[in-house]
Amino acid sequence: MRVEVDVPKCVASGQCVMIAPDVFDQREEDGIVILLEERPAPELHADVRESAVVCPAAAIRVVEK
Amino acid sequence: MTETLAETTAEAEEPLPEFPMPRATGCPFAPPPTAQALHTERPVTRVRLWDGSAPWLVTRYADQRALLGDPRVSSEATRPGFPHASAGFRENAGRRRSFITMDDPEHARIRRMVTAPFAIKRIEAMRPEIQRITDELIDTMLAGPAPADLVRALALPLPSLVICKLLGVPYEDHDFFQRNSSKLINRHSSVEEVVGANEALTDYLDGLVAAKLANPADDMLSELASRVTAGELTQRDAANMGVLLLIAGHETTANMIALGTVALLENPDQLAVLRETEDPKVIARAVEELLRYLTIVHNGRRRVALEDIEIGGETIRAGEGIIVYTSTGNWDSEVFAEPERLDIGRDARRHMAFGFGIHQCLGQPLARVELQVVYGTLYRRIPTLRLATGVDQLPFKDDGLVYGVYELPVTWAS
Ligand code: HEM
Ligand code: SF4
């Protein structure tokens, strides 16, 4: 699995950080998403997929391979 | 052919359902039966508003997500066709502009000025303080006479104290701002009442911003004041934002605390789970389920189409109003099995109680921590908590933008 974030789209909802804190974080100055793990470990995949579904701004893309 | 014609005529003559619709007597938590019927029969359909206008009501989860995430759908309340909740709301739309009624890119520019304090880590750092305030409020209630009103003892003061601290608003003024904010969000308020409450609150916040310009502190109003100095905002814009944050910061969570307690007391098996757990994951799940089940911001997300949009087999034309009715979306059985069941063990994270799209709630991390602390504390500390009156006697807030109860008399074994 590869994760991509579309930073300009992010609205700093914090949902991804709440669901998958090992993969996503937020910038200190404005809460915008930071991708910590472009290729997260398999045990994190379910949370990453859930983050992509829940993200209100469609800013998270999961490329499965 | 004849049949189709007859059907079309019948449909055209049938009066449109009026919106908002009443809830069924005895079912204070369920979305109105008419709305539930539309959800199955005509998921995208026109309804009649107080002013005779006929915007679209969208009741299905999938259509709602699509629309709230669609840049062709606008939140600008000053556009013609925007479905206002009352004459007062319409009158206020032009006077009170804050980012909740702006579209991108303007919305994004302004929202980002206030996102930092709501980042997950910053809010998590406030948890001990939120726990301390909750414990103190419960201590005070227990030291006083029973029955007590849970709204005034805990549900309202907790989020008010927290948002006041975050913004830099003196909590001593809570009678003033709570009175005016409940007037502002009541759809039965007259135009004069809404405009008057708005002016009073904006002038008040304007004065506070001016004070922070002279004497900055470590709070959000001071941050906004520094944006005024930098020429990024006018002082009035900053005051409008202050009003939005102050109202959104206490009216919502307060109702979730009180109405959530009613729902749990009515579902003793679910309450028992919360009373007996210390597992933060169990409590966090319960919060999401209560948010879904109650969908307290129950007036629908109000929008207007900027272009023609095909959705659910209908065409919404440019300039037509849209009401995205998340109350039924959150009770959509295609997404949430047995939606009418309050089941705090289910995974309800996909709910839209905080909205969806670019306007999704800015304060959600704070609301979540406040609710996790309260639901994780109140029933453990007062295991005998019960209503001091019948559920059917409770004064429900059917007339407000936010659903809840005006009062919640509770009692306990001392
Ligand atoms: C349980 C409590 C809460 C609920 C159910 C709730 C619900 C909502 C909903 C449904 C929206 C979307 C509005 C729309 O799409 O038109 C929203 C937006 C917003 N909420 Fe909350 N809210 C809660 C708590 C808070 C708190 C504690 C704050 C703190 C300041 C807050 C601040 C805001 C702001 C500023 C917006 C506008 C965001 C934007 O337009 O970008 N809310 N909220
Ligand atoms: S869930 Fe989406 S909008 Fe929210 S912080 Fe993460 S990337 Fe940004």
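Residues numbered from 1 in each chain as written. Chains lettered and ligands numbered in written order. Predicted model: local features only at pLDDT ≥ 70, side-chain atom pairs only at ≥ 80, totals over all residues. Heavy atoms only, no water.

Where an unreviewed UniProt entry is consulted, chain B appears under the name Cytochrome P450, with the organism given as Streptomyces niphimycinicus.

Going by what an unreviewed UniProt entry lists, chain A is known as Ferredoxin and is assigned to Streptomyces niphimycinicus. Recorded under Function (unreviewed entry), the UniProt text for chain A is reproduced unchanged: "Ferredoxins are iron-sulfur proteins that transfer electrons in a wide variety of metabolic reactions." Reading the Cofactor (unreviewed entry) entry of the UniProt record for chain A gives the comment "[3Fe-4S] cluster". (UniProt positions renumbered as here; feature names shortened; annotations may be inferred.)

Participant: Got a minute to help me understand the coordination of the iron atom of ligand 1 in this structure?
Facilitator: Ideal coordination angles are 109.5 degrees for a metal with four donors arranged tetrahedrally and 90 or 180 degrees for a metal with six donors arranged octahedrally. Counting protein donors around the iron atom of ligand 1 gives one, B:Cys361 (SG), at 2.3 Å. Mapped onto the elements of the fold, B:Cys361 is located in the loop between helix 16 (326-329) and helix 17 (364-381). (Donors = N, O, S within 2.8 Å, 3.2 Å for Na, K, Ca; no water. Helix = DSSP H or I, 4+ residues; strand = E, 2+ residues; numbered from the N terminus.)

Participant: Explain the site of ligand 2 to me, please; I cannot follow it from the model alone.
Facilitator: Within the structure, ligand 2 sits among A:Cys10, A:Val11, A:Ala12, A:Ser13, A:Gly14, A:Gln15, A:Cys16, A:Val33, A:Cys55, A:Ala59 and A:Ile60. Looking at the shell around ligand 2 residue by residue, the classes come out as 8 nonpolar, 3 polar and no charged. (Near = heavy atom within 4 Å. Nonpolar A, V, L, I, M, F, W, Y, C, P; charged D, E, K, R; others polar.)

Participant: Even after reading the chapter, I still don't get the interface of chain B and chain A, so can you show me in this structure?
Facilitator: It is common to give the size of an interface as the accessible area that goes away when the parts come together. Each partner contributes to the interface: chain B provides 17 residues, whereas chain A provides 24 residues. Buried surface at the junction of chain B and chain A, summed over both partners, amounts to about 1,800 Å²; 48% is from carbon and sulfur atoms. When the buried area of chain B at its contact with chain A is split by residue, B:Arg112, B:Ile120 and B:Arg349 rank highest and sum to 33% of it. Run the count over chain B and chain A and you get 2 salt bridges. In this structure, the salt-bridge partner of A:Glu50 is B:Arg350, at a minimum N-O distance of 2.8 Å. At the boundary of chain B and chain A, one finds 13 residue pairs in polar contact (both at pLDDT 80 or more). Of all the elements in the fold, those that place two or more residues in the side of chain B that touches chain A are helix 6 (120-124) and helix 17 of chain B. (Contact = heavy atoms within 4.5 Å. Buried area = accessible area lost by both parts, 1.4 Å probe. Salt bridge = Lys/Arg side-chain N within 4 Å of Asp/Glu carboxyl O. Polar contact = N/O pair within 3.5 Å; in protein donor to acceptor, adjacent residues only side chain to side chain.)

Participant: Sorry if this is basic, but what is going on with the sheet that holds strand 9 (residues 386-387) of chain B here?
Facilitator: Strand pairing within a sheet occurs via backbone hydrogen bonds; the two strands may be parallel or antiparallel. Residues and elements named next belong to chain B. Pairing is antiparallel across the open sheet formed by 3 strands, whose spatial order is 4-10-9. Only two strands of the sheet have a single partner each, and these edge strands are strand 4 (148-149) and strand 9. Pairing of strand 4 with strand 10 (residues 409-411), which is carried by 2 bridges, proceeds in the antiparallel orientation. From the neighbouring strand, Asp 149 faces strand 10, where its bridge partner is Pro 409. (Pairing = 2+ DSSP bridges.)

Participant: Help me understand the pairing of strand 5 (residues 301-305) of chain B, please; the structure alone is not making it clear to me.
Facilitator: The side chains of a regular strand alternate, residue by residue, between the two faces of the sheet. Residues and elements named next belong to chain B. Of all 5 residues making up strand 5, 5 are buried, and the element is well covered by its neighbours. Along strand 5, one buried face is formed by Arg 301, Arg 303 and Ala 305 and the opposite face, lined by Arg 302 and Val 304, is buried too. Bridging between strand 3 (residues 73-74) and strand 5 involves 2 bridges; their strand directions are antiparallel. In the strand pairing of strand 5, Val 73 is matched with Ala 305. As defined by bridge partners, strand 5 adjoins strand 8 (residues 321-324) across 4 bridges and the pair is classed as antiparallel. Across the sheet, the residue bridging to Arg 303 is Ile 322, located in strand 8. (Buried < 20%, exposed > 50% of the residue type's maximum accessible area, 1.4 Å probe, protein only.)

Participant: It is not clear to me how the site of ligand 1 should be interpreted in this structure. Could you clarify?
Facilitator: All names here are of chain B. Taken together, the neighbourhood of ligand 1 is formed by 27 residues, with His 107, Arg 111, Arg 303, His 359 and Cys 361 sitting nearest. In the model, an oxygen atom of ligand 1 is placed 2.6 Å from a nitrogen or oxygen of the His 107 side chain. Take Arg 301: an N or O atom from its side chain is 3.1 Å from an oxygen atom of ligand 1. Looking at the shell around ligand 1, the elements with two or more residues in it are helix 5 (106-111), helix 13 (235-266) and strand 5. Sort the elements by how many residues they give to the shell around ligand 1 and helix 13 lands first, with 7 residues.

Participant: How should helix 13 of chain B be read in this particular structure?
Facilitator: Three- or four-residue spacings in an α-helix give side chains the same orientation, since the helix completes a turn every 3.6 residues. Over its 32 residues, helix 13 of chain B extends 47 Å from the first C-alpha to the last, a length consistent with the 46 Å expected when each residue adds 1.5 Å. Most of helix 13 of chain B is tucked away, with 26 of its 32 residues classed as buried. (Expected span 1.5 Å × (residues − 1).)

Participant: I would appreciate a short explanation of the packing of helix 4 (residues 87-95) of chain B against helix 11 (residues 191-214) of chain B in the present structure.
Facilitator: In a packed pair of helices, the relevant descriptors are the angle between the two axes and the axis-to-axis distance. All names here are of chain B. Two elements in contact, helix 4 and helix 11, have axes whose closest approach is 8 Å; the angle formed by their N-to-C orientations is 35°. For the element pair helix 4 and helix 11, the recorded crossing hand is right-handed. Between helix 4 and helix 11, the residues in contact are Ala 87, Gly 88, Glu 91, Asn 92 and Arg 95 and Val 191, Val 194, Val 195, Asn 198 and Glu 199, respectively. Partitioning the contact of helix 4 with helix 11 into residue classes produces 4 nonpolar, 3 polar and 3 charged. (Axes fitted to C-alpha atoms, helices over the stretch in contact; angles between N-to-C directions. Left-handed = near helix turned anticlockwise from the far one by under 90°.)

Participant: Any chance you could explain the packing of aromatic side chains here in plain terms?
Facilitator: The description of an aromatic ring pair rests on the distance of the ring centres and on the angle between the ring planes. All names here are of chain B. Scanning all chains against the criterion turns up 7 aromatic pairs over all chains. For the pair Tyr 293 and Trp 331, a centre-to-centre distance of 5.4 Å together with 20° between the ring planes defines the contact as stacked. A residue pair is termed long-range when its members are at least 10 positions apart, and Tyr 293 in helix 15 (residues 280-294) and Trp 331 in the loop between helix 16 and helix 17 qualify at 38 residues. This pair shows no difference in class: Tyr 293 is buried, exactly as Trp 331 is. Both rings, one in Phe 396 and one in Tyr 403, keep their centres 6.0 Å apart while their planes meet at 20°; by these two values the pair is stacked. Judged on exposure class, the residue Phe 396 and its partner Tyr 403 are both buried. Taken together, the ring pairs connect Phe 29, Tyr 293 and Trp 331 into an aromatic cluster. (Phe/Tyr/Trp six-rings, centres within 6.5 Å; stacked < 30°, edge-to-face > 60°.)

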